[in-house]
Amino acid sequence: MTSAPMSPDQVLAEFRDAGALLEGHFILSSGLRSPVFLQKMAIFSEPPRTERLCRALAAAIAAKFGKIDIVVSPAIGGIVPGYETARHLGARAIFVERDPGGPFTLRRGFQIPAGQRAVIVEDIVTTGLSARECLAAIRSEPGEIVGAACLIDRSGGKGEIGVPFVSLVTLDIPAYPADALPPDLAAIPAVKPGSRAMPKP
Ligand SMILES: O=P(O)(O)OC[C@H]1O[C@H](OP(=O)(O)OP(=O)(O)O)[C@H](O)[C@@H]1O
Ligand SMILES: O=C(O)c1cc(=O)[nH]c(=O)[nH]1
Ligand SMILES: [Mg+2]
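Residues numbered from 1 in each chain as written. Chains lettered and ligands numbered in written order. Predicted model: local features only at pLDDT ≥ 70, side-chain atom pairs only at ≥ 80, totals over all residues. Heavy atoms only, no water.

With an unreviewed UniProt entry as reference, the chain is termed Orotate phosphoribosyltransferase, source organism Methylobacterium symbioticum. In the Cofactor (unreviewed entry) part of its UniProt record, the chain is described as follows: "Mg(2+)". In its Catalytic activity (unreviewed entry) section, the UniProt entry covering the chain states "orotidine 5'-phosphate + diphosphate = orotate + 5-phospho-alpha-D-ribose 1-diphosphate". (UniProt positions renumbered as here; feature names shortened; annotations may be inferred.)

As structure tokens, then:
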């Protein structure tokens with residue numbers, strides 16, 4: 001694998017140039033609200049950009065965790081970066097997925113066999129909830145879950161996953177409970193870009 005470090009500025013430039021840095025009022029997967037959304041699919045729809053970012057993520061994973069056999073990602077957002085990162089690591093790429101509203105499960109014959117070393121690859125971490133749910137879905141597999149990784153950790157380093165964690169960039173982007181919105185955010189209609197089913201209001 002070719003090592004290709006990327007600075008945080010270079011990573012953010014990829015998001016900016018792809019039109020992936022959105023401003024408005026967003027309902028996040030955790031239910032929190034934010035004036036900023038990182039639309040990772042604007043990145044993942046461009047293979048060369050995805051390749052650059054995931055090559056750098058693979059280098060960071062290899063430096064922190066050593067040899068990886070399997071990359072496991074939470075659907076939907078994690079599937080493309082999980083696959084591309086696995087390609088640079090020389091690893092297999094598998095994913096966990098939900099029945100609507102349900103927990104993540106490993107399906108399609110995917111396994112983490114005994115003796116294999118796996119890492120979770122997420123796209124974005126806000127609270128770490130999705131990565132923790134991914135970990136819960138694979139904990140009983142015989143292989144070893146050595147850590148987790150993502151392109152952008154927007155929690156300011158506060159997101160807890162339960163295994164050692166590496167990201168290309170750490171940002172501290174504001175996010176608020178729905179009942180504690182600043183007035184300027186409350187004035188904007190909210191949209192929910194992600195795939196997690198939300199409880200009916
Ligand atoms: O750290 P968290 O608070 O869990 O937030 C980050 C998660 O939110 C998004 O997924 P989402 O559930 O919106 O669905 P998607 O993967 O289909 O975009 C993103 O892909 C991460 O998985
Ligand atoms: O927390 C989320 O749901 C989230 C935040 C973000 O910036 N991008 C994304 O895809 N999901
Ligand atoms: Mg996701």
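**Looking at the overall build of the chain**
Within the chain, the regular secondary structure consists of 6 helices and 8 strands. A principal-axis box enclosing the C-alpha atoms of the chain has dimensions of 50 × 35 × 30 Å. Counting every position in the chain, which comprises 201 residues, the buried fraction comes to 46%. Contacts in the chain between residues far apart in sequence, at least 24 positions, make up 66% of those at least 6 positions apart. Surface accessibility of the chain: about 9,600 Å² in total, with carbon and sulfur atoms responsible for 54%. (Helix = DSSP H or I, 4+ residues; strand = E, 2+ residues; numbered from the N terminus. Buried < 20%, exposed > 50% of the residue type's maximum accessible area, 1.4 Å probe, protein only. Contact = heavy atoms within 4.5 Å. Areas by Shrake-Rupley, 256 points an atom, 1.4 Å probe, with all protein chains shown as cover.)

**Some details on the UniProt feature "binding site: orotate" (unreviewed entry) in the chain**
Per the UniProt record, "binding site: orotate" (unreviewed entry) is annotated on Thr126 and Arg154. These annotated residues cover 29 residues of sequence, but their C-alpha atoms sit close together, with the largest distance between any two at 5.2 Å. Structurally, threonine 126 can be placed in the loop between strand E6 (117-125) and helix H5 (129-138). Along the chain, arginine 154 turns up in the loop between strand E7 (144-153) and strand E8 (165-170). A residue is classified by how much of its surface remains accessible, and arginine 154, at 3% relative accessible area, is buried. Beyond its immediate sequence surroundings of up to four residues, arginine 154 is in contact with Leu28, Ser34, Val36, Phe37, Leu38, Ile124, Val125, Thr126, Leu171, Asp172, Ile173 and Pro174. Within the local environment of arginine 154, its side chain forms a polar contact with the side chain of serine 34, the two groups lying 2.8 Å apart. (Polar contact = N/O pair within 3.5 Å; in protein donor to acceptor, adjacent residues only side chain to side chain.)

**Section: the site of ligand 1**
Of all residues adjacent to ligand 1, which total 18 residues, the nearest are Lys40, Glu122, Thr127, Ser130 and Ser195. Between an oxygen atom of ligand 1 and a side-chain N or O atom of threonine 127, the distance comes to 2.5 Å. Side-chain polar atom of serine 130 to an oxygen atom of ligand 1: 2.6 Å apart, as the coordinates give it. Look at ligand 1: alone it shows 490 Å² of surface, and the protein chains cover 92% of it. Of all the secondary structure elements, the ones that give two or more residues to the shell around ligand 1 are E6 and H5. Of the residues contributing to the shell around ligand 1, the split by class is 5 nonpolar, 9 polar and 4 charged. (Near = heavy atom within 4 Å. Nonpolar A, V, L, I, M, F, W, Y, C, P; charged D, E, K, R; others polar.)

**Digging into the sheet that holds strand E5 (residues 104-106)**
Pairing within the open sheet is mixed, and its 6 strands lie in the order E5-E4-E3-E6-E7-E8. On the outer flanks of this sheet lie E5 and E8, each paired with one strand and no other. Averaged over neighbouring strand pairs, the angle between their axes works out to 25° when direction is ignored. Note that E6 and E7 share 8 bridges and pair parallel. Directly across from arginine 117, in E7, lies its bridge partner glutamate 144. Lying over the sheet, helix H1 (residues 8-17) contacts E6, E7 and E8, oriented at roughly 70° with respect to E8. Packed onto the sheet, helix H3 (residues 47-65) meets E6, E7 and E8 and runs at close to 140° relative to E8. (Pairing = 2+ DSSP bridges. Axes fitted to C-alpha atoms, helices over the stretch in contact; angles between N-to-C directions.)

**A short note on the UniProt feature "binding site: 5-phospho-alpha-D-ribose 1-diphosphate" (unreviewed entry) in the chain**
According to UniProt, the "binding site: 5-phospho-alpha-D-ribose 1-diphosphate" (unreviewed entry) feature falls on Glu122, Asp123, Ile124, Val125, Thr126, Thr127, Gly128, Leu129 and Ser130. The partly exposed category is assigned to threonine 126, whose relative accessible area is 22%. If we ignore the near neighbours within four places in the chain, the residues touching threonine 126 are Leu28, Arg154 and Ser155. By relative accessible area, which is 16% here, serine 130 ends up buried. In contact with serine 130, not counting residues within four places along its chain, are Ser29, Pro74, Phe104, Glu122 and Arg196.

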